[in-house]
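An overview of the molecular structure
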Amino acid sequence: MSSGFLFIDKPTEITSHDVVNISRKKLGIRKIGHSGTLDPFASGLLILGVGRATRLLEYLKDFDKTYSVRMKLGLITDTFDITGKIVEERSEWNNLTEDEIVHALKDFEGEYLQVPPAYSAKRHKGKRLYQLAREGKIINLPPKKVKVFSISSVDIDLERGEVAFCARVSSGTYIRSLVMDVGYRLGCGATTIYLRRTKIGNFSVHEAIVPAEISTISLKEPDEVISSFLPSIIVSEEHGKAVLNGCQIWLEGIIGLDGQFKKDDLVRITDEKGKFLAIAQAERTSRFIKKLLEKKENQRVAKLLKVIGDQ
């Protein structure tokens, strides 16, 4: 069975799960998942894991995300986006200046407590919030600490009451909630009318394909993707076979390092032929391991988390 990652540019009007189903049909593979949901009205980068690569999706889900956003001032909907029912329309935005709008946006840079939208894919007691909301059960979850790393490229159209900007945020941040919070800060309310995810970590939508182009040729090798952000510990071929059987990472089996890492960082385990064997958690820094190699002091230097390679 083929395995690897697909970088998809999800169009609007379909769900992330729709993209998974399209991929299953095109590839003839059932075992496919994604690293993070995109709203149906949103477009942009969606990373899918296919086959054995689904086991690696958890290592991609916590990356920061970058979005291109457009919001409408003075408009409040129940879903916090343009697809929802209009709850209120206010005209106070007519008195705002560009400086006030920019200042309100920039005020949200840094950490803040954010309440997830009632209409979201977040689960509550096994059910999606949007499913509960459609049943008339509005669940107000407690606020969660999120981080807005930057808000940039602000473009304001005061005649239309629309504001476009780029936001880089921590995983788990809801742009719809951010826009609503900015609207409340401005005193007029706001809702998201355009949302596109342009980056997940260092992965860009520019390297993605549209669903119609999905094929086995589009699959990216797991090691190609994982090696772009994880350093590696290289072990001998003999020790590599032991790792595939669940053996921990001991100094005596190491023949080299690729990249730098700190204690507790995630690392790849590869053998001397470059075969991707496993994911582990470093128990020593790369600098310290190099010193141990010079002294030839044998000790465990990484904790095995997940075996990836085949016997």
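Before going into details, it helps to say that this report is about the structure given with it. (Residues numbered from 1 in each chain as written. Predicted model: local features only at pLDDT ≥ 70, side-chain atom pairs only at ≥ 80, totals over all residues. Heavy atoms only, no water.)

Let us look at the overall build of the protein chain. Looking only at helices and strands, the protein chain features 7 helices and 19 strands. Projected onto its principal axes, the C-alpha positions of the protein chain cover 70 × 45 × 35 Å. With 311 residues in all, the protein chain has 48% of them scored as buried. When contacts within the protein chain are restricted to residue pairs at least 6 apart in sequence, long-range pairs at least 24 apart make up 69% of them. As displayed, the protein chain offers around 15600 Å² of accessible surface, 46% of which is attributable to carbon and sulfur atoms. Side chains of the protein chain carry 48 positive and 41 negative charges; the gap between the two charge centres is 7 Å. (Helix = DSSP H or I, 4+ residues; strand = E, 2+ residues; numbered from the N terminus. Buried < 20%, exposed > 50% of the residue type's maximum accessible area, 1.4 Å probe, protein only. Contact = heavy atoms within 4.5 Å. Areas by Shrake-Rupley, 256 points an atom, 1.4 Å probe, with all protein chains shown as cover. Lys, Arg positive; Asp, Glu negative; His and termini not counted. Charge placed at Lys NZ, Arg CZ, Asp CG, Glu CD.)

On the secondary structure map, Lys306 appears in strand 19 (residues 300–307). Among the residues examined, Lys306 registers a relative accessible area of 17% and is labelled buried. Side-chain polar atoms of Lys306 contact the backbone oxygen of Arg55, separated by 3.0 Å. (Polar contact = N/O pair within 3.5 Å; in protein donor to acceptor, adjacent residues only side chain to side chain.)

Quick look at the packing of aromatic side chains now. Inspection of every chain in the model, using the stated rule, returns 5 aromatic pairs. Ring geometry for Phe108 versus Tyr112: centroids 5.1 Å apart, planes at 75°, classification edge-to-face. Pairwise contacts between aromatic rings join Phe7, Phe63, Phe203 and Phe229 into one cluster. The lysine or arginine in question, Lys220, covers the ring of Phe7, its NZ or CZ lying 5.4 Å from the ring centre. (Phe/Tyr/Trp six-rings, centres within 6.5 Å; stacked < 30°, edge-to-face > 60°. Lys NZ or Arg CZ within 6 Å of the ring centre and 35° of its normal.)

Ranked by size, the top nonpolar core spans 30 residues in total, and within it Met71, Leu73, Phe165 and Ile175 carry the most contacts. Of all the secondary-structure elements, those providing two or more residues to this core are strand 4 (65–73), helix 2 (98–106), strand 10 (144–157), strand 11 (162–169), helix 4 (175–186) and strand 12 (190–200). Here Leu73 is in contact with Trp93, Leu96, Ile101, Gly161, Val163, Leu186, Cys188, Gly189 and Ala190, once residues within four sequence places are set aside. (Core = buried A, V, L, I, M, F, W, Y, C linked by side-chain atoms within 4.5 Å.)

Let us now look at the pattern of salt bridges. Per the counting criterion, the structure on display carries 17 salt bridges. Linked through salt bridges whose partners overlap, the residues forming this network are Arg70, Asp157, Arg160 and Glu162. (Salt bridge = Lys/Arg side-chain N within 4 Å of Asp/Glu carboxyl O.)

What follows deals with the sheet that holds strand 15 (residues 249–250). The strands that make up a sheet are held in pairs by hydrogen bonds between backbone atoms, and each pair lies either parallel or antiparallel. The 6 strands lie next to each other as 15-19-18-17-14-16, forming an open sheet whose pairing is mixed. Edge positions in the open sheet fall to strand 15 and strand 16 (254–258), since each of these has one partner strand only. Direction of pairing for strand 17 (residues 266–271) relative to strand 18 (residues 276–282): antiparallel, over a ladder of 5 bridges. By the bridge assignment for strand 18, Ile269 is matched with Ala278. (Pairing = 2+ DSSP bridges.)

Right, let's talk about the environment of Ile279 for a bit. In this structure, Ile279 sits in strand 18. Taking relative accessible area as the criterion, Ile279 reaches 0% and is therefore assigned buried. Taking C-alpha positions, Ile279 is 42 Å from Gly84, a pair spaced 195 residues apart along the chain. In contact with Ile279, other than residues within four places in its own chain, are Leu56, Tyr59, Ile226, Leu230, Leu266, Val267, Arg268, Leu304, Leu305, Lys306 and Ile308.

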